[in-house]
Amino acid sequence: MNGRVGFGYDLHRLVEGRRLVLGGIEIPFPEGLAGHSDADVVLHSICDALLGAAALGDLGRHFPDTDPRYAGISSAQLLEAVLAEITRRGFEIENVDVTILAEAPRLSPMLEAMRDRVAELLRVSPDRVNVKAKTNEGVGAIGRGEAIAAYAVCLLRRSER
Ligand code: MG
């Protein structure tokens, strides 16, 4: 297999007055992530993993946060655009694996819905996607509930066309 591995990382601050969107799912919580888009760190880290595997730079290069066209954009749209870009270059997704770091809320009840939503956005079967979450054990900014971060890895293969 002609495989290409990619890695992505993202972090956004938690603030009042924003919706919390993770893995394309809105999660009931008194705070949300600050950012130019809906600040979905899960989808942003996946975008960067996909772009990294295809040697296409990063999300900020493709969708600059200084560009008013992308203000308030759903990260699902960003992920779909990234998927279109890697598909155009002849790549298919073998698998994606994500770890979310969040002190609160407790995400385990939402992980399956996130996995299904990510798989739907990536147009792959859910058994190619894994989403897991852990706390930061109270350590640092994430541990104090000031931010949520996500790490993603993916494997791409050349499509046989
Ligand atoms: Mg981001």
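Just so you know, these numbers come straight off a predicted model, no measurement behind them. (Residues numbered from 1 in each chain as written. Predicted model: local features only at pLDDT ≥ 70, side-chain atom pairs only at ≥ 80, totals over all residues. Heavy atoms only, no water.)

Chemist: Before we go on, may I ask you to explain helix α4 (residues 111-122) in this structure?
Modeler: Think of an α-helix as 3.6 residues a turn; residues three or four steps apart then line up on the same face. Spanning twelve residues, α4 covers 16 Å between terminal C-alpha atoms, matching the ideal 16 Å at 1.5 Å per step. Taken together, the buried positions of α4 are occupied by L111, M114, V118, A119, L121 and L122. Buried residues of α4, viewed axially, fall in a sector of 160°; they line one side. Of the residues in α4, the exposed ones pointing more than 90 degrees away from the buried face are E112 and E120. One or two residues past the end of α4 sits R123, with phi positive at roughly 55°. (Helix = DSSP H or I, 4+ residues; strand = E, 2+ residues; numbered from the N terminus. Expected span 1.5 Å × (residues − 1). Buried < 20%, exposed > 50% of the residue type's maximum accessible area, 1.4 Å probe, protein only. Arc of directions from axis to C-beta.)

Chemist: What's the story with the coordination of the magnesium ion in this structure? I'm lost.
Modeler: Protein coordination at the magnesium ion: the donors are D10 (OD), H12 (NE2) and H44 (ND1), at 2.1 to 2.2 Å from the metal. In terms of primary sequence, the donors binding the magnesium ion are separated according to D-x1-H-x31-H. Taken together, the positions of H12 in strand β1 (residues 3-16) and H44 in helix α1 (residues 41-53) put the pair 32 residues apart, joining distant regions of the chain. Exposure remark for H44: the relative accessible area of 8% places this residue in the buried category. (Donors = N, O, S within 2.8 Å, 3.2 Å for Na, K, Ca; no water.)

Chemist: Help me understand the sheet that holds β1 in this model?
Modeler: Strand pairing in a sheet is mediated by backbone hydrogen bonds. Such pairs are either parallel or antiparallel. Spatial ordering of the open sheet is given by β4-β1-β7-β5-β6, a layout of five strands whose pairing is mixed. Sheet topology places β4 (31-33) and β6 (129-134) at the edges, where each strand pairs with a single neighbour. Along the sheet, successive strands turn relative to each other by an average axial angle of 20°, direction set aside. Relative to β6, α4 is tilted by about 145°, and along the sheet it contacts β5 (91-101) and β6. (Pairing = 2+ DSSP bridges. Axes fitted to C-alpha atoms, helices over the stretch in contact; angles between N-to-C directions. Contact = heavy atoms within 4.5 Å.)

Chemist: Help me understand the pattern of salt bridges, please; the structure alone is not making it clear to me.
Modeler: A pair can form between side chains of opposite charge whenever their charged atoms are brought close. For the coordinates displayed, the defined rule picks out eleven salt bridges. Salt-bridge contacts for E92 lead to R157; the nearest nitrogen and oxygen are separated by 2.4 Å. With E92 in strand β5 and R157 in strand β7 (residues 147-158), this pair connects stretches of sequence that are 65 residues apart. The exposure class of E92 is partly exposed, given its relative accessible area of 35%. Between D116 and R115 there is a salt bridge; the shortest N-O distance is 3.7 Å. Note on D116: relative accessible area 36%, which makes it partly exposed. Look at R115 and you get partly exposed, because its relative accessible area is 27%. Within the structure, one salt-bridge network assembled from shared partners comprises E92, E94, R128 and R157. (Salt bridge = Lys/Arg side-chain N within 4 Å of Asp/Glu carboxyl O.)

Chemist: Where do I start with the nonpolar core in this structure?
Modeler: If you look at soluble globular proteins, the nonpolar side chains tend to sit buried side by side. Counting 50 residues, the largest nonpolar core has L22, I46, L50, I100 and M114 as its most contacted members. Looking at this core, the elements that each hand over two or more residues are β2 (20-22), β3 (25-27), α1, α3 (75-88), β5, α4, β6 and β7. Per-element accounting of this core gives the leading share, nine residues, to α1. Those residues in contact with I46, other than ones at most four positions away along the chain, are L79, V96, V98, V118, L122 and A152. (Core = buried A, V, L, I, M, F, W, Y, C linked by side-chain atoms within 4.5 Å.)

Chemist: What exactly am I supposed to notice about the packing of aromatic side chains here?
Modeler: Each aromatic ring pair is specified by the distance between its two centres and by the angle formed by the two planes. Using the criterion set out here, one finds three aromatic pairs in the structure. Among the aromatic residues, those joined into a cluster by ring pairs are F7, Y9 and Y151. (Phe/Tyr/Trp six-rings, centres within 6.5 Å; stacked < 30°, edge-to-face > 60°.)

Note that every value here comes from positions in space, so none of it alone points to a role or purpose.
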